[in-house]
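Now for the letters of each chain:
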Amino acid sequence: MTAAQREKMEEALFPPVVAILIAFVAGDIIMLSFNQSPFVVWRLLLEGTWGNAYGFGQVLYKATTLSFTGMAVAFAYRAGLFNIGGEGQLAAGGLAAALVGFALPVGFPALLAILLGCLGAAAAGGVVGAVPGYLRVRFGAHEVITTIMLNFVVLALLNWFIATRLRVPETLHTPEIHAGAISRLSAVLPAFHGSAANLSVIVALLTAIAMWYYMFRTRGGYELRAVGLQPDAAEYGGISVGRVLFSAMTVSGVIAGLGGINFVLGYKYYYEDGFAGGTGFLGIAVALVGRNNPFGILLAALFFATLSQGGLAVNAFVPKQMVDVLQGVVIIAIAASVPEVQRILLGSRRRPLAPTSLDAAPAAAEPPAAAV
Amino acid sequence: MNTFAIVTQVLRIAVPYLFAAAGGVIAERSGIISLTLEGYMLGGAFAAIVGTFYSGSPVVGALCGIGGGAVLALIHAVASIRYRADQVIVGIAVNLFAIGITRVFLKLMFGSSSNSPRVDGFAAGYGDPLLWLGLVSTPVVAFILFRTVFGLRVRATGEKPEAAASVGVPVHRVQYMAVLLSGALAALGGVYLALDQHQFTDQMTAGRGFIAVAAVIFGRWSPLRAGAACLLFAAAETVQIHLQGNHVIASQFIEMIPYVLTIVALAGVVGRAIAPAALGRAEA
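It should be emphasised that the depicted structure is a prediction, and the values quoted were computed from it without experimental measurement. Numbers given to residues run from 1 along each chain, matching the order in which its sequence is written. The lettering of chains begins at A and the numbering of ligands begins at 1, in the order of writing. In keeping with the predicted nature of the model, local features appear solely for residues at pLDDT of at least 70, side-chain atom pairs appear and are counted solely at 80 or more, and the whole-chain, interface and lining totals rest on all residues.

### Details of the overall build of chain B
- The number of helices and strands found in chain B is 12 helices and 0 strands.
- Every helix listed is a DSSP run of H or I at least four residues long, and every strand listed is a run of E at least two residues long, numbered separately from the N terminus. Overall, chain B shows an N-to-C arrangement of helices and strands of α-α-α-α-α-α-α-α-α-α-α-α.
- Radius of gyration (C-alpha) of chain B: 18 Å, near the 19 Å computed for a compact globule of 284 residues.
- C-alpha atoms of chain B, sized along the principal axes, occupy 55 × 45 × 30 Å.
- Here chain B holds 284 residues, and the buried ones make up 58% of them.
- Distance between backbone-placed C-beta atoms decides contact: two residues are in contact if it is within 7 Å. Of the contacts made within chain B by residues no fewer than 6 positions apart, 76% connect residues no fewer than 24 positions apart. Computation of the radius of gyration draws on C-alpha atoms alone. For the globule rule, the value is 2.2 Å times the number of residues to the power 0.38. To sort residues by exposure, count the other C-beta atoms lying within 10 Å of each residue's C-beta; 20 or more gives buried, 12 or fewer gives exposed, and values between give partly exposed, all with C-beta atoms placed from the backbone.

This is how it looks when you write it as structure tokens:
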């Protein structure tokens, strides 16, 4: 391994490791304040997730949706865009998958029905993602705000649609789909019996591979990363920045929307209002910990899924809400340590010649000689 | 229902928005992105109930609430200013953290996962001092921003931090103060909400912080215009409450009004919304 590669590895790995260590300490404090032994609780948390097939199945299930929303955030981020609309895109994708499964007749060929369901989910997510993309390119409206605002708009629209058009009375969900159900993992591996894990996980893996290939081995991916790193230079190099931004946002929405199949086609076989439940937002954390790399994201999704399922496993000892705190702590710690690690690594390589930060600026602003 | 009662209702809905938007304007004018208003409100609401529960005095409760919001703001400030973390990411994390920490303490202190016990708040309606504070919060922030030295420094920092630093403005200290002030102000919105309902309930702010963010942007980062936006959004909500069950227009479409208006404002259809120049620039 060359020195440059090692440095790159360090830069990628330090922040998540530091963040997870800080989260451990925060977890310990919470456990102690509930008069529990951290050792016992952490062991229980691990046993309840990776210790048995059911727990692991639940982790896989949760990691599946998270890896979709994480990849969605990362795809946009590589183009320099911040997609916070994962929540609405995911929900829209889920509803579209349910509508496709609902429209198809009973007995429709399974594989084709699943494919159509996936396409529906992807298309709906893409439409929701394209709106902020268009607003950004055409009007310069910042996507952070428009995606946040669109979440509320889309969720309200979906809520209205479900409440007035298509729900089982007294519930907040649609009737069951007729076709397009994705089989459970337990159909292949009986040990997973009872867990929600399903073959959507394969779609997630394929999406990760496709995203990696596109990002690092195709011209489109190169253009996307160029725009993300230096839009002016990319424009000068002949890349149409607007087109790249629009399509990055749309594809980001497509990926998030596709995540809707895990719940709708793989688990419940209906769309339920509010099923996204924060998974879209958590995708930001997943992308951050996974350092915007598709395979890093799969690992990060497993980590966050373990936390969330582990919270349920230890709920009798420490309230499961502990994991919300830990998630917040991990994100803050990693967001704060990324620039710091970069600074330290950069500083160890070369001393900056001029003050680069305002910490140093007042000292540098010496009065001109004439004024003395 | 007479006009006076309707005005009262609009004001009651608007007060939490006004506090949070006032805080949002001041932080964003200093260049720090304020997606954290929701978390500050929630933290303020919880701390206010805890303070009131143990002291029996809503005044102590309100001060605790301010403290709760300020602690969350400090986390945001240290991560964003000292460590130059991405302010959008930290903002979302602070909101998540606020939801989690209030839930854990709710369980730890009151043994419930849904709500706190009932506490006595301030007098209802126009006897509530927080209602009046809320109504003057955006004019006060306007005064601070445009009529004081601190306000001038805040604006300079948010527009061009290098220039501000070159004339001796302690850029980072100004940003810390602006963010802490925004935490305290937004927290008061949560305090008002919690004391008005006499208890804390899990996630009781229910997106109000984001409506305040919408108001800040729709108000084009001006405190008075943001305040007007808060009143407009509150009026729309009041209309929604009165239309409920009338089937004239589905409530979901009225819910969307603040968000749609904000998107429209950002797209520049009715007077372009332009952010402070250095907003969110981590290296500032």
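### So, the overall build of chain A
- When its secondary structure is counted, chain A shows 15 helices and 0 strands.
- Against the compact-globule benchmark of 21 Å for 372 residues, chain A has a radius of gyration of 23 Å, which places it among compact chains.
- Once the C-alpha set of chain A is aligned to its principal axes, its extents read approximately 85 × 55 × 40 Å.
- Within chain A, the proportion of its 372 residues that are buried is 53%.
- Residue pairs at least 24 apart in sequence account for 78% of intrachain contacts in chain A once pairs closer than 6 positions are excluded.

### What to know about the packing of helix α1 (residues 3-29) of chain B against helix α8 (residues 171-197) of chain B
All names here are of chain B.
- Axis definition: a line fitted to C-alpha atoms, limited for helices to the stretch in contact. Angles are taken between N-to-C directions and run from 0 to 180 degrees. At a closest axis distance of 8 Å, the pairing of α1 and α8 adopts a crossing angle of 175°. With respect to each other, α1 and α8 are oriented roughly antiparallel. Two secondary-structure elements touch here, α1 through V15, P16, F19, A20, A22, G23, G24, I26 and A27 and α8 through A178, V179, L181, S182, G183, L185, A186, L188, G189, G190, Y192 and L193.
- Considered class by class, the residues forming the contact of α1 with α8 number 15 nonpolar, 6 polar and no charged. Oblique is the label for any angle not under 35 degrees, not over 145, and not in the 65 to 115 range, which are roughly parallel, roughly antiparallel and roughly perpendicular in turn. Classification convention: Asp, Glu, Lys, Arg as charged; Ala, Val, Leu, Ile, Met, Phe, Trp, Tyr, Cys, Pro as nonpolar; all other residues, Gly among them, as polar.

### Overview of the interface of chain A and chain B
- Between chain A and chain B, the residue contacts involve 42 residues of the former and 47 residues of the latter.
- Broken down by secondary-structure element, the contributors of at least two residues to the side of chain A that touches chain B are α1 (3-33), α5 (110-139), α6 (143-165), α12 (279-289), α14 (322-349) and α15 (361-364) of chain A.
- When grouped by side-chain class, the residues that make up the side of chain A that touches chain B number 31 nonpolar, 9 polar and 2 charged.

### Digging into the packing of helix α2 (residues 38-50) of chain A against helix α13 (residues 294-313) of chain A
All names here are of chain A.
- With their axes 8 Å apart at the nearest point, α2 and α13 run at an angle of 110° to one another. Considering the angle they form, α2 stands roughly perpendicular to α13. Considering the relative orientation of α2 and α13, their crossing is right-handed. Here L44, L45, G48 and T49 of α2 lie close against α13, whose contacting residues are T306, Q309, G310 and A313.
- Of the residues that constitute the contact of α2 with α13, the class distribution is 3 nonpolar, 5 polar and no charged. Handedness of a crossing follows from how the near helix is turned relative to the far one, being left-handed for an anticlockwise turn of less than a right angle and right-handed for a clockwise one.

### Observations concerning the environment of L245(A)
Residue and element names in this part refer to chain A.
- In this structure, L245 sits in helix α10 (residues 241-258).
- Classification of L245 as buried rests on a count of 23 C-beta atoms within 10 Å.
- For L245 and L81, which are 164 residues apart along the polypeptide, the C-alpha to C-alpha distance reads 7.5 Å.

### Details of helix α3 (residues 53-78) of chain A
Residue and element names in this part refer to chain A.
- By this rule the span expected of a helix is its residue count minus one, scaled by 1.5 Å. Spanning 26 residues, α3 covers 35 Å between terminal C-alpha atoms, matching the ideal 38 Å at 1.5 Å per step.
- Counting buried residues in α3 gives 23 out of 26 residues, a clear majority hidden from the surface.
- At the C-terminal side of α3, G80 shows a positive phi close to 85°.

### Observations regarding the nonpolar core
- The term nonpolar core means buried Ala, Val, Leu, Ile, Met, Phe, Trp, Tyr and Cys residues held together as one set by C-beta atoms within 7 Å. Grouped together as the largest cluster of nonpolar side chains are 225 residues, with contacts concentrated most on I332(A), A335(A), Y17(B), A21(B), A45(B) and A215(B).
- For this core, the element with the most residues is α8(B), which contributes 17 residues.
- Sequence-distant contacts of A215(B), that is, excluding residues within four places in its chain, are made with Y17(B), A21(B), A226(B), A229(B), C230(B) and F233(B).

### Considering the environment of G69(B)
Residues and elements named next belong to chain B.
- Relative to the elements of secondary structure, G69 occurs in helix α3 (residues 58-82).
- The buried category is assigned to G69, around which 37 C-beta atoms lie within 10 Å.
- When near neighbours in sequence (up to four residues on either side) are disregarded, G69 contacts Y40, G43, G44, G183, A184, A186 and A187.

### Examining the confidence of the model for chain A
All names here are of chain A.
- pLDDT expresses how confident the predictor is about each individual residue, on a scale running from 0 to 100. When the pLDDT values of chain A are averaged, the result is 86; 93% of them are 70 or greater.
- When the elements of chain A are averaged for pLDDT, α15 gives the smallest value, 37, and α10 the largest, 95.
- Counting interchain partners and residues more than four positions distant, the pLDDT-below-50 stretch residues 351-372 has 15 contacts.

### Overview of helix α6 (residues 149-159) of chain B
- Looking only at α6(B), the buried set comprises G151(B), R153(B), V154(B), R155(B), A156(B), T157(B) and G158(B).
- Buried positions along α6(B) lie against α1, α5 (129-147), α7 (161-166) and α8 of chain B.

### Some thoughts on the environment of C118(A)
Residues and elements named next belong to chain A.
- Mapped onto the fold, C118 is located in helix α5.
- Judged by C-beta crowding, with 23 C-beta atoms within 10 Å, C118 ranks as buried.
- Apart from the residues within four sequence positions on either side, C118 is in contact with V203, L258 and I261.

### Some thoughts on unusual backbone geometry
All names here are of chain B.
- The backbone of A206 shows a phi angle near 45°, a positive value even though the residue is not glycine.
- Within the secondary structure, A206 is located in the loop between α8 and α9 (208-218).
- A positive phi angle, close to 50°, is found at R220, a residue other than glycine.
- When you line up the elements, R220 lands in the loop between α9 and α10 (223-243).

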